[in-house]
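# Structure at a glance
Residue strings, one per chain:
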Amino acid sequence: MKNILIFFLSLLLFSSCHNYKKDAEQLTIVRDSLEREAAFKDSSIVMFLNDFNEILVTLDSIKKVEKLVTVQSARGSELSTRQKKQIMEDIALLNELIQKNKEKIASLQKKLSSANYKIRQLNEIVAELEQLVINLEKQVQEKDTEIVALSEEVNKLTRNINTLNLKITEIETESQEKTNTIELQKLKLNEAYFTVGTRKELKEKGIIEKSGGLLGIGSTTLIKDDFDRKYFTEIDIRKLDYIPLMVKRAELVSVHPAHAYHISGKNRADTLFIDNKTEFWEAARILVIVTN
């Protein structure tokens, strides 16, 4: 009985989808009641057996007294006064034993009737307990069904989230590629090259050449069309503000507006400052500085 109750209590404790505290309290009450009923039943059985033994003993005594009276009466009509008195006393004892036996039997019947009532109550309690277990099993099955449905919903949401994450990753990758492309385009749009050197150096590198004039007189220094860019420094026009020169003289071979730059230094060319980047680089993205 205790093992069954422990099982039921364990079932209640592990049913996490429902608050079974009240049911657990009810089961505790049922358990205590069953223990009391079992104790009562055991003590009642012992008491019934004792009463039954007493009844048997009384019946045995009745039989003995009854036999004694019969024997004494059968001796004949000539009985002494003492014998008659003994027979009367035995008859009185017989009546007393019979009456005592009746009372014991009546008491036993009453106790049996009460015990039967208690047993009916016990059966009703057990029936209630069985119904409670059935209800609990039904609730557990319902919760299991709900859990399965929720699990399916969670799996569906997880699949949707994974799909969305893939799409987000694709969008982020595409966005990053576009950002990189835009950055490259910006760099390309703001890309320029410059070189600094003496006339001789630049000519030997195939960057400049003279055009027009007679025997070098009246000729113009120009940038060659097929110059090699490996002799140039690549720069971002947004970040270049000046170019250190530190020479006696410097002039620009490439075409740039005169008002967009200036060369600093007293009686020498120390630094080329770009005053207006937009106008300076609008004319040409190649800057060639000839120094002396």
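Our structure's up above, just so we're on the same page.
Each value, and the rule that gives it
- Residues numbered from 1 in each chain as written.
- Predicted model: local features only at pLDDT ≥ 70, side-chain atom pairs only at ≥ 80, totals over all residues.
- Heavy atoms only, no water.
- Buried < 20%, exposed > 50% of the residue type's maximum accessible area, 1.4 Å probe, protein only.
- Helix = DSSP H or I, 4+ residues; strand = E, 2+ residues; numbered from the N terminus.
- Pairing = 2+ DSSP bridges.
- Contact = heavy atoms within 4.5 Å.
- Salt bridge = Lys/Arg side-chain N within 4 Å of Asp/Glu carboxyl O.
- Core = buried A, V, L, I, M, F, W, Y, C linked by side-chain atoms within 4.5 Å.
- Phe/Tyr/Trp six-rings, centres within 6.5 Å; stacked < 30°, edge-to-face > 60°.

Covered by surrounding structure in strand E5 (residues 242-247) are Ile243, Leu245 and Val247 only, the residues Tyr242, Pro244 and Met246 on the alternate face being uncovered. Pairing between E5 and strand E8 (residues 269-274): 4 bridges, direction antiparallel. Residue pairing in the sheet places Pro244 in a bridge with Thr271 of E8.

Topologically, Lys203 is positioned in helix H4 (residues 199-204). Residue Lys203 is classed as exposed on the basis of its relative accessible area of 53%. Between the C-alpha atom of Lys203 and that of Thr221, which follows or precedes it by 18 residues, the distance is 9.7 Å.

This part is about the side chain of Asn190. With respect to the helices, strands and loops of the structure, Asn190 is situated in the loop between helix H3 (81-189) and strand E1 (191-198). Given the relative accessible area of 15%, Asn190 is considered buried. Not counting residues up to four positions away in its chain, the partners in contact with Asn190 are Ile235, Asp236, Ile237, Arg238 and Arg285.

As a further point, take the pattern of salt bridges. For the coordinates displayed, the defined rule picks out 7 salt bridges. For Asp228, the salt bridge identified is with Lys230, shortest N-O distance 3.8 Å. Here Asp270 ties to Arg268 by a salt bridge, and the two come within 2.7 Å at their closest N and O atoms. Among the residues examined, Arg268 registers a relative accessible area of 36% and is labelled partly exposed.

This paragraph deals with the nonpolar core. General note: in soluble globular proteins, nonpolar side chains tend to be found buried as a group. Grouped together as the largest cluster of nonpolar side chains are 18 residues, with contacts concentrated most on Ile243, Phe280, Trp281 and Leu287. Of all the elements in the fold, those that place two or more residues in this core are E1, E5, E8, helix H5 (277-283) and strand E9 (286-291). Residue contacts for Phe280: discarding those within four places in its chain leaves Leu252, His256, Pro257, Ala260, Tyr261, Ile274 and Leu287. Counting 10 residues, the second largest nonpolar core, distinct from the first, contains Tyr193, Ile207, Phe227 and Ile286.

Before going further, it helps to examine the packing of aromatic side chains. To describe a pair of aromatic rings, one takes the distance between the centres and the angle between the planes. Throughout the structure, instances matching the rule amount to 4 aromatic pairs. Ring centres of Phe227 and Phe232 lie 5.0 Å apart, and the angle between their planes is 45°; on these two criteria the pair is classed as tilted. Phe232 gets classed as buried once you look at its relative accessible area, which sits at 9%. Judged by centre distance (5.6 Å) and plane angle (80°), the rings of Tyr261 and Phe280 are edge-to-face.

With that out of the way, let us pick up the pairing of E8. Bridge analysis of strand E7 (residues 261-264) against E8 gives 4 bridges, and the strand direction is antiparallel. Among the inter-strand pairings, Tyr261 is bridged to a residue of E8, identified as Ile274. Hairpin connection from E7 to E8: 4 residues lie between these consecutive antiparallel strands, with Gly265 at a positive phi of about 120°.

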